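Overview (structure and organization)
Chain by chain, the residues:
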Amino acid sequence: MTPDLPPVFAQVQRLFHTVRYLRPVQVYGRAAVLLRRVKPDLRPAPPVREASRRWAAPVWRQSTMLGPASFKFLNEAHALASDADWNNEAWPRLWLYNLHYFDDLDAFGSESRKDWHNALIARWLAENPPPAGPGWEPYCLSLRIVNWCRWAWSGGHLDAAATHSLAVQLRALADQLEVHLLGNHLWANAKALVVGSLFFMGPEADSWLATGLRYLRRELNEQVLADGGHFERSPMYHNIIAGDLLDLLEAALVVPERLPDGLVNEMRRAARNMVCWAEAMSHYDGEPSFFNDSAMGIAPPARALRAHLEALGLSSPGDREDLLHLRASGYVRAEIGDALLLADVGDIGPNYLPGHAHADTLSFELSLHGRRVLVNSGTSVYEASERRRRERGTAAHNTVVVNTADSSEVWSSFRVARRACTFGTWAKRDAGQLVVEGAHDGYRRLPGRVDHRRRWTLAVQELVIHDELSGRSETASAYFHFHPDVGLREIRRGVFLGDVGGRAFEIAFDGGKAAIEESEWAPEFGLRRANLCLRVDLDDRQLTSRLKW
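The structure displayed is predicted, hence computed values, not measured ones.

**Things to note about the overall build of the protein chain**
Along its length, the protein chain carries twelve helices and 22 strands. Radius of gyration (C-alpha) of the protein chain: 24 Å, near the 24 Å computed for a compact globule of 549 residues. Projected onto its principal axes, the C-alpha coordinates of the protein chain cover approximately 75 × 55 × 45 Å. Expressed as a percentage of its 549 residues, the buried residues of the protein chain come to 57%. Considering only residue pairs separated by 6 or more positions, the protein chain has 69% of its internal contacts joining residues 24 or more positions apart. Here the protein chain has roughly 22400 Å² of accessible surface; of this, 51% comes from carbon and sulfur atoms. Counting 64 positive and 68 negative side-chain charges, the protein chain places the centres of these two groups 3 Å from one another.

Have a look at this one:
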């Protein structure tokens, strides 16, 4: 094995392999953001357009307001005691962003909190003058603009001051679109400009509409893949974007004849496909699987997406084959008897935009008897920290770690240097079994130039996983993370007995030494539950894992 690079050279190498994938706009765009000085445009607001009907989308969010000035976001509660708390640096940045989104306007029971909402909007106006603070950052602007418009169309009341502020916010957003970030951020910007343009009328609203539609068309074509998946490969962000599409279709009914018919039809087709993808990548509990950055409670679950789709008068196929290979996004769903297997056999995401990627190539999740059994470890934080690094790392997922390295070089909060590429992927039915196979080259950067190949064979009462490593490695370990509700104990050497909902299963290994370790599972941001993990150290270059139920 060659010696490690000195730290400074290793850092330079990592930075090079991070930057070399970026598009030019992501480089010079960041410089432009640092130099940009947004000046608030306080001109009177354009006239408000009369809506043809009320906003009627199904509600799915849980309330986040504990009182008129107290909130619980990301499983953390704080009270807004003073105007400085809107920008309280002692609180997590993501928590502050949620404070400025105003998602509670569209949560369960919002009608009963209308007085709270009116007072909170008035307070935000008084205590958040433009353009300072996180509330005036483009992503916060985008979500709040949509929430305020949706609230007004649902029967809420934006007074003259709030209506004027809404126009000021739209102008501020139009001046700082996140073209340097691209992806879901630029998508959210475009959506907000389109929705805001429907709320107002006149030449200025027309200009917002033209800009929003230009980016919306471009991003729709790029971000929604041929199989209906979102190109960042996160089930959570997929559901967010699918919900955005449905919101845009809802807005087109509230204010008709403003969006081009061709675009509306294109969005309808994309929405149908995205809802099917969301359902395919969900477990029996209706919540998304945890590949890349994913957690519950942030995005509408698949059942809420389908309810909105059907409320819009749209439908998509309800039946699904037992083996579904989502080739464009790189996932496989295999379902037989009481077992559901979801496998990641694709690349981590767009090369130029891997910010929400984890080093989870060839990981998988498994549900038995309607319950989650094997789970990836989830996402609980976005702040740069050891916890963030661990949750993105390969060892937090149900796959193989070589030489204690991650299969893709994840670092900082949203950075990836060298990344795994998949090859040789296929899925087929074979004599009553469902077989999935794939390989990746993420460990070729190591001195031993290792490739990892994995095959899953799913039968009615058994899952067999065969791992094979080419090249040379000093160490290799396979990880199997179990849901916190799953019991696990060793009954004889190398054989473990598990329990899920009172039903037993057995897992054994040929080619490695297994031991139970303590771990954590993060089903939501800010929430972590203790669980058990099996770490299997490979004896050589092959491991066969058998799980029977």
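**Some details on the packing of aromatic side chains**
Evaluation of the coordinates by the stated rule reveals 22 aromatic pairs. Joined through ring pairs, the aromatic side chains of Trp55, Trp153, Phe199, Phe200 and Trp208 make up one cluster. The ring of tryptophan 411 is capped by arginine 14, whose NZ or CZ atom sits 4.1 Å from the centre of that ring. One cation-aromatic arrangement involves arginine 372 over phenylalanine 290; the distance from NZ or CZ to the ring centre is 5.3 Å.

**Here's the deal with a nonpolar patch on the surface**
On the surface, a nonpolar cluster with roughly 410 Å² of combined accessible area is contributed by Leu5, Val8, Phe9 and Val12. Among the secondary structure elements, valine 8 is positioned in helix α1 (residues 7-19).

**Overview of the sheet that holds strand β4 (residues 323-326)**
One open sheet holds the five strands; their spatial order is β4-β5-β6-β7-β8, and the pairing between them is antiparallel. On the outer flanks of this sheet lie β4 and β8 (371-374), each paired with one strand and no other. Here the strands of the sheet are splayed against their neighbours by 15 degrees on average, with no regard to which way each runs. Where β4 and strand β5 (residues 331-336) come together, four bridges link them in antiparallel fashion. Following the sheet pairing, leucine 324 is matched in β5 by arginine 333.

**Some points on the pairing of strand β19 (residues 503-510)**
Judged from the six bridges that link them, strand β18 (residues 495-500) and β19 form a sheet pairing that is antiparallel. Bridge assignment links phenylalanine 496 to a residue of β19, and that residue is isoleucine 507. The antiparallel pairing of β18 with β19 creates a hairpin that spans two residues between the two strands, and glycine 501 there sits at a positive phi of about 60 degrees. Of the strand pairs in this sheet, β19 and strand β22 (residues 542-548) are connected by five bridges, and their pairing is antiparallel. Bridge assignment links phenylalanine 509 to a residue of β22, and that residue is serine 545.

Definitions and cut-offs
- Position labels on residues start from 1 in each chain and follow its written sequence.
- The model is predicted, so local features are restricted to residues of pLDDT at least 70 and side-chain atom pairs to those at 80 or more, both for listing and for counting; the totals for chains, interfaces and linings are taken over all residues.
- Neither water nor hydrogens contribute to the side-chain values; these are computed over all heavy atoms in the structure.
- Secondary structure follows DSSP: runs of H or I at least 4 residues long count as helices, runs of E at least 2 residues long count as strands, and numbering of each begins at the N terminus.
- Restricting the calculation to C-alpha atoms gives the radius of gyration, and the globule rule supplies 2.2 Å times the number of residues raised to the power 0.38.
- Exposure is judged per residue with a 1.4 Å probe applied to protein chains only, and the accessible area is read against the type maximum: over 50% gives exposed, under 20% gives buried, and values in between give partly exposed.
- We call two residues in contact when some of their heavy atoms are within 4.5 Å.
- Throughout, the Shrake-Rupley method with a 1.4 Å probe supplies accessible areas, and for residues the shown protein chains are the sole cover considered.
- In summary, the charge assignment counts Lys and Arg as positive and Asp and Glu as negative, without counting His or the chain termini.
- Where a charge lies is defined by one atom per residue type: Lys uses NZ, Arg uses CZ, Asp uses CG and Glu uses CD.
- Under the pairing criterion, centres of Phe, Tyr and Trp rings, with the six-membered ring standing for Trp, must be within 6.5 Å; the plane angle then separates stacked pairs below 30 degrees from edge-to-face pairs above 60, leaving the rest tilted.
- To sit over a ring, a charge needs its Lys NZ or Arg CZ within 6 Å of the ring centre and within 35 degrees of the ring normal.
- What goes into a patch is any residue over 30% in relative accessible area without a salt bridge, connected to like charges within 9 Å or, for nonpolar side chains (Val, Leu, Ile, Met, Phe, Trp, Tyr), within 5 Å.
- Salt bridges are defined as contacts in which a side-chain nitrogen from Lys or Arg sits within 4 Å of a carboxyl oxygen from Asp or Glu.
- Being paired, for any two strands, means DSSP has found at least two bridges between them.
- Here an axis means a line fitted to C-alpha atoms, over the contact stretch when the element is a helix, while the angle between two N-to-C directions is reported on a 0 to 180 degree scale.

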